[in-house]
Amino acid sequence: MPRSVAVLMDPIGSIKIAKDTTFALLLEAARRGHQLYYMEQGDLALRDGVPWARLRSLSVKDDPSGWYTLGEARWTDLRELDAVLLRKDPPVDAQFLYDTLVMDVAQRAGVQVVNDPRALRDCNEKVFALHFPQCMAPTLVARDPAQLRHFVAEHGDAVLKPLDGMGGRGIFRVQSGDKNLNSMLETLLGGDAHGQGRQFAMAQKFIPQINAGDKRILMIDGEPVPYALARIPQGDEFRGNLAAGGRGEGVPLSDHDRWIAAEIGPELRRRGLRFVGLDVIGDYLTEINVTSPTCARELDKQFGLNIAGMLFDALESRSTLA
């Protein structure tokens, strides 16, 4: 019997299917005979304590000339579904958090929600990595520009980034003595008239091994996929993000990569983070991506994998999808 799988994502008409991991998940669900439904952020509601969504039936095919077809929108009690894939890209703003509150209600009613809504609220992709300091290079999260300036001076070469970004946006590399540092901090912190920041930023010691790539390690139920995608900066760019022009090259996991995965995996399982992307530069964890980790299609193509299939095997092993 076909089971029902809904996805909450950014507009499907604007994705690049050759690289989109959400699309890979949808193709796999369709291959397994699951009935697909589609929704965006504006389609959620809570009515008298019942979670509702304006769903459209969805069919997909791996064809860049026309990869999806949507049915007519219909308000549906989310408790009628078997599973929901939460795949909205950052930023994790107030509206995203409200989405997870609606999904909490659906999950309590027995719907399998991936990833766990509470974990999506609790595990900021930058700050959550600091739960594992043994895996990280020196890192500071602060609002105080003086503290961040001191960190840069202490380490000589650092990377500054916002806590809610993705794809390399808003990231700066800065060295001690750089006259642009104050301007960078004003941009990141949104400082007031007294020079204090209104929002947090992260500073990390620059890791020179970025020239060999920023590795994305995908984790399924706390276990690593055996290959990572090393996103290698091009030209004068220091960022390896594919969205910033980086080149993706698949590599087998090193022993140290596996150690990092083993340090983090049990906590991912405990929190219901079923599908996660670890970012590793050299020997150091830099981020833990929990909202919409990517790079599955690139790894599938390079190594003949089916990462979406691996995830659905895990989901079906302990759910109503089986």
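Conventions we followed
- Residues numbered from 1 in each chain as written.
- Predicted model: local features only at pLDDT ≥ 70, side-chain atom pairs only at ≥ 80, totals over all residues.
- Heavy atoms only, no water.
- Phe/Tyr/Trp six-rings, centres within 6.5 Å; stacked < 30°, edge-to-face > 60°.
- Buried < 20%, exposed > 50% of the residue type's maximum accessible area, 1.4 Å probe, protein only.
- Lys NZ or Arg CZ within 6 Å of the ring centre and 35° of its normal.
- Helix = DSSP H or I, 4+ residues; strand = E, 2+ residues; numbered from the N terminus.
- Lys, Arg positive; Asp, Glu negative; His and termini not counted.
- Salt bridge = Lys/Arg side-chain N within 4 Å of Asp/Glu carboxyl O.
- Polar contact = N/O pair within 3.5 Å; in protein donor to acceptor, adjacent residues only side chain to side chain.
- Patch = residues over 30% accessible without salt bridge, like charges linked within 9 Å, V, L, I, M, F, W, Y side chains within 5 Å.
- Areas by Shrake-Rupley, 256 points an atom, 1.4 Å probe, with all protein chains shown as cover.
- Contact = heavy atoms within 4.5 Å.
- Disulfide = S-S within 2.5 Å.

Caption draft 1: Broad picture of the packing of aromatic side chains. In the structure shown here, the tally under the stated rule is three aromatic pairs. Centre to centre, the rings of Trp67 and Tyr68 are 6.0 Å apart; their planes meet at 50°, and the pair counts as tilted. Residue Trp67 is classed as buried on the basis of its relative accessible area, which comes to 15%. On the accessibility criterion, Tyr68 (33% relative accessible area) is partly exposed. Measuring from centroid to centroid gives 5.7 Å for Phe128 and Phe132, while their planes differ by 75°, and the two rings are edge-to-face. Pair check on accessibility: Phe128 and Phe132 agree, each one buried. If you follow Arg47 out to its NZ or CZ, it ends over the ring of Trp52, 4.6 Å from the centre. Lying across the ring of Phe206, Arg173 places its NZ or CZ 3.7 Å from the centre.

Caption draft 2: Layout of the side chain of Asp82. Positionally, Asp82 belongs in the loop between strand S6 (74-77) and strand S7 (83-87). Buried Asp82, no salt bridge; nearest opposite-charge side chain is Arg3, N-O distance 4.8 Å. Among the polar contacts made by the side chain of Asp82, one reaches the main-chain amide nitrogen of Ser4 at a distance of 2.9 Å.

Caption draft 3: A look at a nonpolar patch on the surface. Taken together, Val92, Leu97, Tyr98 and Leu101 make up a surface patch of nonpolar side chains, about 320 Å² in accessible area. Looking at the secondary structure, you find Val92 in the loop between S7 and helix H2 (94-108). In this structure Val92 comes out as partly exposed when scored by relative accessible area, which is 31%.

Caption draft 4: Representation of helix H1 (residues 21-31). Counted residue by residue, H1 has nine buried out of 11 residues, so it is predominantly covered. Looking at H1, one finds that the buried residues are Thr21, Thr22, Phe23, Ala24, Leu25, Leu26, Leu27, Glu28 and Ala29. A side-chain oxygen of the first residue of H1 lies 3.1 Å from the backbone nitrogen of Thr22; this N-cap is Asp20.

Caption draft 5: Broad picture of the pattern of salt bridges. Per the stated rule, a full pass over the model turns up 22 salt bridges. When the shortest N-O distance is used, the salt bridge between Asp104 and Arg121 registers 2.7 Å. Here the residue Asp104 occupies a position in helix H2, and Arg121 occupies one in helix H3 (residues 117-122), the gap between them amounting to 17 residues. Arg121 sits in the partly exposed class, given a relative accessible area of 27%. Between Asp214 and Arg231 there is a salt bridge, with the nearest N and O atoms lying 3.2 Å from each other. On the criterion of sequence distance, the pair formed by Asp214 in strand S13 (residues 214-220) and Arg231 in strand S15 (residues 227-232) is long-range, its members being 17 residues apart. Each member of the pair, Asp214 as well as Arg231, carries the same accessibility label: buried. Taken together, the shared-partner salt bridges in this structure form one network comprising Glu28, Arg31, Arg32, Asp313 and Glu316.

Caption draft 6: Molecular detail of the environment of Ala212. Tracing the sequence through the fold places Ala212 in the loop between strand S12 (201-205) and S13. On the accessibility criterion, Ala212 (52% relative accessible area) is exposed. Taking the C-alpha atoms as reference, Ala212 lies 6.1 Å from Ile232; in sequence the two are 20 residues apart. Among residues more than four places away in sequence, those in contact with Ala212 are Ala230 and Ile232.

Caption draft 7: A look at the state of the cysteines. Taken as a whole and judged by the stated rule, the model has zero disulfides. Unpaired in this structure, Cys123 has its nearest cysteine sulfur neighbour in Cys135, at a distance of 15 Å.

Caption draft 8: Fine view of unusual backbone geometry. Looking along the chain, the bond that leaves Pro90 and enters Pro91 is cis, with omega of 15°. Within the secondary structure layout, Pro91 lies in the loop between S7 and H2. Even without being a glycine, Asp221 presents a positive backbone phi close to 50°. Inspection of the secondary structure assignment puts Asp221 in the loop between S13 and strand S14 (223-224).

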